[in-house]
Amino acid sequence: MLRQVLSSTSVRRLLVSPTRCMSGKQNVPDKIEYSTPPEIIDYEESPHLPVPEYPIRPDEPLETRKQRLLYQSRKRGMLENDLLLSTFVAKYLKDFDAEETAQYDQLINGVSNDWDIYYWATNTKPTPPEYDTDVMKLLKQHVKNTERVQRIRQPDL
């Protein structure tokens, strides 16, 4: 049994560990090379696992909606989107009217996969027409970061 565990651990290390480039000095690694996948693998949505519809809140006051969206933009569960969306909201949400706020709400809550938002915002994948709104165009401009602002942490509340 122990032999099986050791062999499986060593096999796992061989399969998972990155390639190390060794310098000429006493086998000291000077850098680690990671290979990126050549293409994005996008799986089809499974028909037997329906995603629940996000509840529409027509009577929600605008300020309450903005506070909810501020929180939801900071807590996506994916650091890349947390940084992009929280800085976007800190910069633009206060100036959004009711229609733009509704578009942003639909964008971050209508999509079932956060990677889709990330790929659309970074122009890695084309944005579907139903999400290609003025708010998405503003988000894409924000992601380009033409001002070269450091976004290594979320803005303070």
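Residues numbered from 1 in each chain as written. Predicted model: local features only at pLDDT ≥ 70, side-chain atom pairs only at ≥ 80, totals over all residues. Heavy atoms only, no water.

### Notes on the environment of Glu-80
Move 1: Along the chain, the position of Glu-80 falls in helix H3 (residues 79-92).
Move 2: Considering only alpha carbons, one finds Glu-80 and Tyr-118, 38 residues apart in sequence, at a separation of 7.6 Å.
Move 3: Glu-80 has contacts with Trp-115 and Tyr-118, leaving out every residue within four places of it along the chain. (Helix = DSSP H or I, 4+ residues; strand = E, 2+ residues; numbered from the N terminus. Contact = heavy atoms within 4.5 Å.)

### Remarks on the nonpolar core
Move 1: One finds Phe-88, Phe-96, Tyr-104, Leu-107, Ile-108, Trp-120 and Leu-139 to be the most contacted residues of the largest nonpolar core, which totals 20 residues.
Move 2: Elements represented by at least two residues in this core include exactly H3, helix H4 (98-110), helix H5 (114-121) and helix H6 (134-144).
Move 3: In this structure Phe-96 touches Lys-66, Phe-88, Thr-101, Tyr-104, Val-135 and Leu-138, once residues within four positions along its chain are discounted. (Core = buried A, V, L, I, M, F, W, Y, C linked by side-chain atoms within 4.5 Å. Buried < 20%, exposed > 50% of the residue type's maximum accessible area, 1.4 Å probe, protein only.)

### Describing H4
Move 1: Taking 1.5 Å per residue, 13 residues should reach 18 Å; H4 reaches 17 Å between its end C-alpha atoms and fits that length.
Move 2: Among all positions of H4, only Thr-101, Tyr-104, Asp-105, Leu-107, Ile-108 and Asn-109 are buried. Taken end-on, H4 shows its buried residues confined to a sector of 165 degrees, consistent with a single buried face.
Move 3: Those residues of H4 hidden inside the fold are in contact with helix H2 (62-74), H3, H5 and H6.
Move 4: Two or three places before Glu-99, at the start of H4, stands the capping residue Asp-97, its side-chain oxygen 3.3 Å from that residue's backbone nitrogen. (Expected span 1.5 Å × (residues − 1). Arc of directions from axis to C-beta. Polar contact = N/O pair within 3.5 Å; in protein donor to acceptor, adjacent residues only side chain to side chain.)

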